Amino acid sequence: MNAPRGQRRRGTGKPGPHAREQKCVKCKEAQPVVVIRAGDAFCRDCFKAFYVHKFRAMLGKNRLIFPGEKVLLAWSGGPSSSSMVWQVLEGLSQDSAKRLRFVAGVIFVDERTPGVLTVALRSATREKPLPKGKWPTPHSSARKHRPAERGLEGFSQVEVALQPALPGSSLSLDSFCLGFSEGAACGQSLEERSKTLAEVKPILQATGFPWHVVALEEVFSLPPSVLWCSAQEPVGSEGAYKAAVDSFLQQQHVLGAGSGPGPTQGEEQPPQPPLDPQNLARPPAPAQTEALSQLFCSVRTLTAKEELLQTLRTHLILHMARAHGYSKVMTGDSCTRLAIKLMTNLALGRGAFLAWDTGFSDERHGDVVVVRPMRDHTLKEVAFYNRLFSVPSVFTPAVDTKAPEKASIHRLMEAFILRLQTQFPSTVSTVYRTSEKLVKGPRDGPAAGDSGPRCLLCMCALDVDAADSATAFGAQTSSHLSQMQSPIPLTETRTPPGPCCSPGVGWAQRCGQGACRREDPQTCIEEQLCYSCRVNMKDLPSLDPLPPYILAEAQLRTHRAWGLQEIRDCLIEDSDDEAGQS
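Quick caveat: nothing in here was measured; it's all calculated off a predicted structure.

Enquirer: Sorry, what's going on with the packing of aromatic side chains here?
Expert: Here the distance between the centres and the angle between the planes together describe a pair of aromatic rings. One pass over the full model with this rule turns up six aromatic pairs. Taken together, a centroid distance of 5.5 Å and an interplanar angle of 45 degrees make the contact between tryptophan 75 and phenylalanine 108 tilted. A residue pair is termed long-range when its members are at least 10 positions apart, and tryptophan 75 in the loop between strand E3 (70-74) and helix H2 (79-91) and phenylalanine 108 in strand E4 (residues 103-110) qualify at 33 residues. Both residues of the pair, tryptophan 75 and phenylalanine 108, belong to the buried class. The interplanar angle of 40 degrees and the centroid separation of 4.7 Å between the aromatic rings of tyrosine 385 and phenylalanine 389 together place this pair among those described as tilted. In this structure an aromatic cluster arises from ring pairing among Phe47, Tyr51, Tyr385 and Phe389. The ring of tyrosine 326 has lysine 70 lying over it, and the distance from NZ or CZ to the ring centre is 4.6 Å.

Written out as structure tokens, the structure is:
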């Protein structure tokens, strides 16, 4: 089948040789400069209007951000988040026809921590993997068959500490496939890290918003209250939103009545908070960097590393939002990324939480709501917009950078969706439209209410079956319970054993008596996780590398559960006769 007129090849955004005969599909006058889909050729101005309208329509349709509300923009330096910050910056400018009315701030999480390099080694001429500690010498045949192109089958994983040089060795990057673990796993030196932050600083300063640069190592200093679900304010109706807009406009009109001309089209730019004299994040403590490196190096699979990194990043952003009074957090998840995320979460066992993970708003944290205003933009549209209008961005290596296709479930699903998209251009839109039909309604049961137990990591409701359920999870739980043996029979004590240690004592310092001797710390934490997080925790052989706030909150929940059980055992229930007489 021949390509449409004006399009050189399928999947490209450059007009073909017949572009001069084609006009913009919007204005019908100007010459097109970009082709989004087959037959959709836009000129520069119409494409910008089309792109901006998508962003504004997503915010206006949901009406979750009220005027004057503080919104924290989660900027990673990538194309989507950079485009999101650019849209907010233009929406708050004086030249905007319909200005946004919230107060914005930007946060950048520095995840390029110097840590441990995971080096996949394989000789280009040998079939057997090299023994640990053996370094091959570079030769010409290694360049013909690079490990990054052939996959990691047959490679030996060797973890080596970062050193300035390896004595007595001559290394070439063409002979190895280097996998960098993000967080403590990107393997950048302090000089490279400072250089990256130096590139980030001018972009953050150019926005004029209050900005925050935090290192991922700061998760080891977070309080356990990060995992608490604060009370959520009821979402206002459409009338409440309109009343808030009218009140805000009247207030802005009174403030600007004596200082200049009236507002344009009945709207006024909200006052921007003064820019705090913020500096770049100080280098974290060496002990925290080492702890973070040890945590990511102890995780066995790349899938679990990516999930753990996303969880820690979310907790850190949530803590910063609460500390600085932000009630909303904007992320730059695009339509393509959300379609990949939906299929990935299905494979990871997070089907019950797809509406929260891929929807426009995520209210699982209570007082801080995560919104995704870029969910209608495809990665193709984002790339063209950033190129045409010179949107600045910073490239940073991720945990799966240069990883083979089958290295993790995330990479496999990404390759699967993008490959289908090249053959069937409606793949991403079909998956994305399916996610819009998902409803945030937990099933009936103890986890349905807001006061029910929540996962210790992802903070979603514990939507898992009981041990007597005929499911895979129930079979695993029943098998685990049958293997547990209690050293103190319940018939001899006649009272359920409770925790004998204070809540401030760690798992390793417990006294080893009663419940402390019965309960396995791994089991206590797994009981407080959803199904997907339990599967990921199996790739973490020890709990010691976890951040302290996670262990402290797990122990606090365990003691609270024991206390509630003891209170229930002490209560005297009314008999049937007494209940009938009353």
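This is not the end of the story, as more comes after the structure.
Enquirer: So what exactly am I meant to see when it comes to the state of the cysteines here?
Expert: When the sulfur atoms of two cysteines share a covalent bond, that bond is a disulfide. With the rule as written, the count across this model stands at zero disulfides. Looking at the unpaired cysteine 27, the closest cysteine sulfur is the one in cysteine 46, lying at 3.8 Å.

Enquirer: Where do I start with the nonpolar core in this structure?
Expert: The nonpolar side chains of a soluble globular protein tend to be buried, and buried together. Leu73, Trp75, Val88, Phe102 and Met330 are the most contacted members of the largest nonpolar core, which has 52 residues in total. Setting aside chain neighbours within four positions, we find valine 88 in contact with Phe55, Leu73, Leu100, Phe102, Ala104, Phe209 and Met330. Formed by 51 residues, the second largest nonpolar core is a distinct cluster that contains Ile107, Val109, Ile317 and Ala403.

Enquirer: What should I look at first to understand the environment of arginine 300 in this one?
Expert: Topologically, arginine 300 is positioned in the loop between helix H7 (286-298) and helix H8 (302-323). Each C-alpha atom, one on arginine 300 and one on lysine 538, is 9.0 Å from the other, the two residues being 238 residues apart in sequence. With residues near it in sequence (within four places) discarded, arginine 300 still touches Lys538, Asp539 and Pro541.

Calculation criteria
Residues numbered from 1 in each chain as written. Predicted model: local features only at pLDDT ≥ 70, side-chain atom pairs only at ≥ 80, totals over all residues. Heavy atoms only, no water. Phe/Tyr/Trp six-rings, centres within 6.5 Å; stacked < 30°, edge-to-face > 60°. Helix = DSSP H or I, 4+ residues; strand = E, 2+ residues; numbered from the N terminus. Buried < 20%, exposed > 50% of the residue type's maximum accessible area, 1.4 Å probe, protein only. Lys NZ or Arg CZ within 6 Å of the ring centre and 35° of its normal. Disulfide = S-S within 2.5 Å. Core = buried A, V, L, I, M, F, W, Y, C linked by side-chain atoms within 4.5 Å. Contact = heavy atoms within 4.5 Å.

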